[in-house]
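# Geometric and topological summary
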Amino acid sequence: MKLEKLYFIRHGETDLNLQQRCQGRQDISLNETGSEQMRRTAERLAGVRLDVIYSSPLRRAVESAEIVAEPRGMKTAALDWLNEIDHGALEGLNRAEADAAHPGLMNVWLERPHEAVFPGGETLADVERRALDGLLGLINSAEGNVALVTHQVMSGVARCAFLGLPLSSMWEDKLVNGDWFEFALDEETKTRIMSRRRPGF
């Protein structure tokens, strides 16, 4: 059996989401709302065959994956490449704090995300590199339907790769907490992803 579909699921809400802070690599658990969101997600996915469930190593994603897996009697495993973008010096800051510390950077991030450079962190191109490497690894090794419980930026970057869109489109069609993108792995899609991960990229 070959890899058929990927479900990129955004984790449930955390208190940092609620406070609109740059969450990035902050390792925080789901809040009560986030846990309930993921229980509803598990119910919505009840009729979908999932052969394996992976998550980002961050607690909010691991907990979200476990809620989806529990009624199925499945185990989950963490994949490092599913991690959220590293916001570097902006980690944990709200908009006002970020604007004071690094004027203009948040405007660039929200309006031209492909141009944003977080001091001590990652760029969107960095995220795309590890996303494409991870996707190619799954294409070469995974089978059936795979759930990937991850984060907003990783999901947005994956969407760009699957649809052949530039990274400047990353914020379009954003996932809310607990929602997902579904992608079928046909030959055209596989070729698009492989060509995007060009030599020297």
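Residues numbered from 1 in each chain as written. Predicted model: local features only at pLDDT ≥ 70, side-chain atom pairs only at ≥ 80, totals over all residues. Heavy atoms only, no water.

## Some details on the pairing of strand β1 (residues 3–10)
In terms of residue burial, β1 counts as a mostly covered element, since six of its eight residues are buried. Two strands pair when backbone bridges link them, and β1 and strand β5 (residues 180–184) are joined in this way by five bridges, in the antiparallel orientation. Across the sheet, Leu6 pairs through a bridge with Phe183, a residue of β5. (Buried < 20%, exposed > 50% of the residue type's maximum accessible area, 1.4 Å probe, protein only. Helix = DSSP H or I, 4+ residues; strand = E, 2+ residues; numbered from the N terminus. Pairing = 2+ DSSP bridges.)

## Some details on the environment of Arg72
Along the polypeptide, Arg72 turns up in the loop between α3 (59–69) and β3 (76–78). For Arg72, a relative accessible area of 25% gives the class partly exposed. Aside from chain neighbours lying at most four places away, what touches Arg72 is Leu45, Ala46, Val48, Arg49, Leu50 and Ile53. A polar side-chain atom of Arg72 sits 2.5 Å from the main-chain carbonyl oxygen of Leu45. A polar atom in the side chain of Arg72 sits 2.9 Å from the backbone oxygen of Val48. (Contact = heavy atoms within 4.5 Å. Polar contact = N/O pair within 3.5 Å; in protein donor to acceptor, adjacent residues only side chain to side chain.)

## Structural notes on the environment of Ala65
In this structure, Ala65 sits in helix α3. Separated by 19 residues in the primary sequence, Ala65 and Ala46 place their C-alpha atoms 14 Å from one another.

## What about helix α2 (residues 32–44)?
Its 13 residues give α2 an end-to-end C-alpha distance of 19 Å, which sits within 8% of 18 Å, the value for a rise of 1.5 Å per residue. By the burial criterion, the buried members of α2 are Gly34, Ser35, Gln37, Met38, Thr41 and Ala42. The arc enclosing the buried residues of α2, seen along the axis, measures out at 160°, which places them on a common side. More than 90 degrees from the buried face of α2, the exposed residues found are Glu32 and Glu43. Of the surrounding secondary structure, the elements contacted by the buried residues of α2 are β1, α3 and β5. The residue sitting at the N-terminus of α2 and contributing the capping side-chain oxygen is Asn31; that oxygen lies 3.2 Å from the backbone nitrogen of Thr33. (Expected span 1.5 Å × (residues − 1). Arc of directions from axis to C-beta.)

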